[in-house]
Amino acid sequence: MVSGACPACGTRVLAGEAFCESCGHDLSSVPSVPAGPCTACGASAVGPDGYCENCGMLQPTGRDHVEIEAAYSAAVSDRGLRHSRNEDAMALLPGGQGAVVAVVCDGVSTSPRPDEASQAAADVAAAVIVKRLADGDDAQAATREAVRLAADAVAASAAPGEDSPACTYVSAIVHGRQVTIGWVGDSRAYWLGGQSALLTEDDATPGTHMLTAWLGADAGEVVPHVRTFTTDGPGAVLLCSDGLWNYYPEPEALAATALNDTPLVAARRLVRLAIEAGGHDNITVAIIPFGQGDRTDTTVAFPKERSD
Amino acid sequence: MTDFTIRVDQNKYLPAGSQEVHGIITAEASGPVQSSSVAEAAEVIIIDTSGSMSYGKINDARKAAQAAVDTLRDGVHFAVISGNHQAEVIFPGSGRLAPADFQSRQAAKEAIAGLRAEGGTAMGRWLRRAADLFSAHQADHPDAIRHAILLTDGKNEHEPAPEFDANLAYSAGKFVCDCRGVGTDWVVAEVRRIGSTLLGSVMDVRRPEELEADFRAMTEAAMGKTVADIALRVWTPRAATLNFVKQVSPTLEDLTGRRTDVDALTGDYPTGAWGGETREYHISVSVPAGNVGQEMRAALVKLVQPSTGEVMAGGNILAQWSDDPAQSTRINPRVAHYTGQQELASLIQEGLQARNDGDVETATARLGKARGIAEQAGNEETAKLLDKVIDIDPATGTARLKRVVDKADEIALDTRSVRTVRMRKDPES
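Residues numbered from 1 in each chain as written. Chains lettered and ligands numbered in written order. Predicted model: local features only at pLDDT ≥ 70, side-chain atom pairs only at ≥ 80, totals over all residues.

Counting its regular elements, chain B contains eleven helices and 20 strands. Scaling as 2.2 N^0.38, a compact globule of 429 residues should have a C-alpha radius of gyration of about 22 Å, and chain B matches this with 23 Å. Projected onto the principal axes, the alpha-carbon positions of chain B cover approximately 70 × 55 × 40 Å. Counting every position in chain B, which comprises 429 residues, the buried fraction comes to 47%. (Helix = DSSP H or I, 4+ residues; strand = E, 2+ residues; numbered from the N terminus. Rg over C-alpha atoms; globule rule 2.2 N^0.38 Å. Buried ≥ 20, exposed ≤ 12 C-beta atoms within 10 Å, placed from the backbone.)

Turning next to the environment of A155 of chain A. All names here are of chain A. Its location among the elements puts A155 in helix 2 (residues 139–156). Taking the C-alpha atoms as reference points, A155 and V66, 89 residues apart in sequence, are found 25 Å from one another. If sequence neighbours within four positions are ignored, A155 has contacts with S164, G216 and A217. (Contact = placed C-beta atoms within 7 Å.)

A cis amide bond, omega -10°, links F91 of chain B with the succeeding residue P92 of chain B. Of note, P92 of chain B is situated in the loop between strand 6 (87–91) and strand 7 (98–99). With an omega of 10°, the peptide bond between S249 of chain B and P250 of chain B qualifies as cis. If you trace the backbone, P250 of chain B turns up in the loop between strand 12 (241–249) and strand 13 (253–254). Backbone geometry at A71 of chain A places phi at a positive 50°, although glycine is not the residue there. Here A71 of chain A is to be found in the loop between strand 3 (65–70) and strand 4 (73–78). By C-beta crowding, A71 of chain A is classed as partly exposed, having 18 other C-beta atoms within 10 Å. The backbone of Y55 of chain B sits at a positive phi, close to 65°, despite the residue not being glycine. If you trace the backbone, Y55 of chain B turns up in the loop between strand 4 (41–48) and helix 1 (57–71).

Turning our eyes to something else, we now look at the sheet that holds strand 3 (residues 20–30) of chain B. Within a sheet, adjacent strands bond to each other through the backbone by hydrogen bonds, running parallel or antiparallel. All names here are of chain B. Within the open sheet, the five strands sit side by side as 1-3-16-12-13. Their pairing is antiparallel. Since the sheet does not close on itself, it has two edges, and those belong to strand 1 (3–9) and strand 13, each with one partner. The sheet contact formed by strand 1 and strand 3 spans seven bridges and is antiparallel. Bridge pairing links T5 to E28 in strand 3. Where helix 8 (residues 333–356) meets the sheet, its contacts fall on strand 1, strand 3, strand 12 and strand 16 (277–286), and the angle it forms with strand 3 comes to roughly 90°. (Pairing = 2+ DSSP bridges. Axes fitted to C-alpha atoms, helices over the stretch in contact; angles between N-to-C directions.)

All names here are of chain B. Put simply, helix 8 and helix 11 (residues 407–416) touch, their axes get as near as 9 Å, and they point 145° apart. For the pair helix 8 and helix 11, the crossing hand works out as left-handed. Between helix 8 and helix 11, the contacting residues are I348, Q349 and L352 on the first element and E410, L413 and D414 on the second. In terms of residue class, the contact of helix 8 with helix 11 is made up of three nonpolar, one polar and two charged. (Left-handed = near helix turned anticlockwise from the far one by under 90°. Nonpolar A, V, L, I, M, F, W, Y, C, P; charged D, E, K, R; others polar.)

Moving on to helix 9 (residues 360–377) of chain B. Residues and elements named next belong to chain B. Taking 1.5 Å as the rise per residue, helix 9 with 18 residues should run 26 Å; its terminal C-alpha atoms sit 25 Å apart, in good agreement. A363, R366, L367, G368, A370, R371, A374 and A377 are the residues of helix 9 that are buried. Buried positions along helix 9 lie against helix 8, helix 10 (380–386), strand 19 (390–392) and strand 20 (399–401). Looking one or two residues past helix 9, G378 carries a phi angle of roughly 90°, positive in sign. (Expected span 1.5 Å × (residues − 1).)

Take the environment of C240 of chain A next. With respect to the secondary-structure elements, C240 of chain A resides in strand 14 (residues 235–240). Sequence-wise, C240 of chain A and G207 of chain A are 33 residues apart; in three dimensions their C-alpha atoms are separated by 18 Å.

Residues and elements named next belong to chain B. Ordered in space as 2-18-17-11-15-14, the six strands form an open sheet in which the pairing is mixed. With partners counted over all chains shown, the strands left at the sheet margins are strand 2 (13–15) and strand 14 (260–263), one partner each. On average, each strand axis in the sheet is tilted by 30° relative to the strand beside it, whichever way the strands run. Sheet analysis places strand 11 (residues 227–235) next to strand 15 (residues 266–274), joined by seven bridges and oriented antiparallel. By the bridge assignment for strand 15, V227 is matched with W274.

Right, let's talk about the confidence of the model for chain B for a bit. All names here are of chain B. Per-residue pLDDT for chain B has a mean of 93; in total, 97% of the residues score no lower than 70. By mean pLDDT, the top-scoring element of chain B is strand 5 (residues 77–83) (98), and the lowest-scoring one is helix 7 (residues 325–328) (86). This prediction of the complex comes with two scores: 0.72 for pTM and 0.80 for ipTM. (pLDDT = per-residue confidence, 0-100.)

Right, let's get into the confidence of the model for chain A. Residue and element names in this part refer to chain A. For chain A, per-residue confidence averages 84 on the pLDDT scale, and residues scoring 70 or more make up 82% of the total. Per-residue pLDDT stays below 50 along residues 29–34; that stretch engages in six contacts with residues further than four places along the chain or on separate chains. Residue range residues 292–302 is modelled with pLDDT below 50. Its contacts to residues more than four positions away, or to other chains, number 22 contacts.

This is the structure we're talking about:
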């Protein structure tokens, strides 16, 4: 990384810096052109413009299908079938002392460069939460600060003369038996287990996909919903973009599909189901498991909301 | 230096399972800004002096050839060939091309004034003679633009077909040849074959006295060329089939069979010399069907100078599979326009052939349909020529062949059937 602008928030950064001083973006994770053999024909002939020089196929970009595994959890994001690029973004990080941090953002397709907006928001938010938790903040305060700085990063990416880039936001911090959810827009969090439940309420006009809140320069001050739950049961927290819940909104159905496998296998299966159901939108699924032991040996009392 | 640009018009979206991709390539060359930076050029003027050229035609042919000589820039190397059943270089006497200056022009015009009409017609031999002159010249002037004008008034009667074929093949690639047929005794298909092979135009000249202005214009156009031997280089994916490569503007020219392989996936198609001009090409490729959402490069099209490998411009023809009918069923207006222009030319040529074969029904159907397309697409000149061959009942739209047709009109319609019109307006978006 040479000196230049932070790809997330645009702040000037210097060569050698690992993180942006302003937003905490990890400067070492510079996205690069995919190298290696063609994903379609296997020839080692992918040109600099991304087309295979043997079979002609455009190579998937880094985000067409992405999988992350961290802290016993997993997240999978896929372009789906109808969109030419993946405008969803996600982050999954260990939060220290056994905590897990997951963020899912869905770029608003009608805004300019929604893929950049969602990636900036997810990267900034996850980094901020990890840093705040390490500094001793509680999960709710860390979430609010993360949303504030993520919103700033998205707003700062607006170029003169164009509409504001925009995206949704949902995050989960799982620490011990506590789950803290924060969201803006219609990306969702679910509890999957005994008494599976939807944990979020969409910021959208009911029955439509018209967002009533989002991150972006044209969104005004962004006030996230933040809720903390406690559980003693086995199960999982699932974050997803509407590319999944458009097809599978029911918590019980999601639980039945997701709970009997490792998080990565479960997330992959849910993404595949959404694609098989039509794949109209980008699909992102993050799964943080609880109580890896036998499901029958733990009493289930969840969700219990602690505060809002 | 001539600047080239390439633009691609297409609808890249294909329905799931679909394999056929079409694109229109608009290639534009902007000539040099300074008129002083002119290219080296070589010109051979070939005049039919067979017996049928007597009775005045030879007189107009002489004037036309002299006008062409007068139009040559100083320093352009040139020669004049008198063609009957043989080919004689009547100027210069050296067997090589002579640089144009006051004295050489005078000498050439004197030689032309002495032309007499006698003997037969063997166009292949004329071309071979010209090809040898150009080849000898090219050894010392590799970058020169090599251009010939061929005038004929008759059928190629005094050269066996295999010899003509061999002579034409021998000449291909050695020079560009614009052809003119004068009168009504020449065979359009025959001369069109020469023009196609040698990448030049073919036009009918109805009256001999029009030759002089036409020759002057043709020579001026040749003098306006700034770069020789440009090729259209087309890459297609390994599992793809290149269905065709056709020039569709300003005239129709099927280049598919003219491929020179560059490597397993790439071939060059000759386009001859360029001045400041725009040409359009229609390319069709069949690719293996991809999954919905996948994007593929179906062809990479470049303009190159094959001798140096220099790439002047390039563009992609893409394919992306979509399950959205609103995307995949839309036909690109430019592709539609030139598909229509190709259909129009075929209808005219088939209709005229049927008419000559006495198949009135087919002739009427083809030419009547052609008249409709010509009007719709804006081929005004073609529509006017069609009106000299068929009558359309304005009330019912029924077409009927005219009983008496001027042979010159039939020749003009046939000759000009390959001339296309550009789209009346650019497609939106």
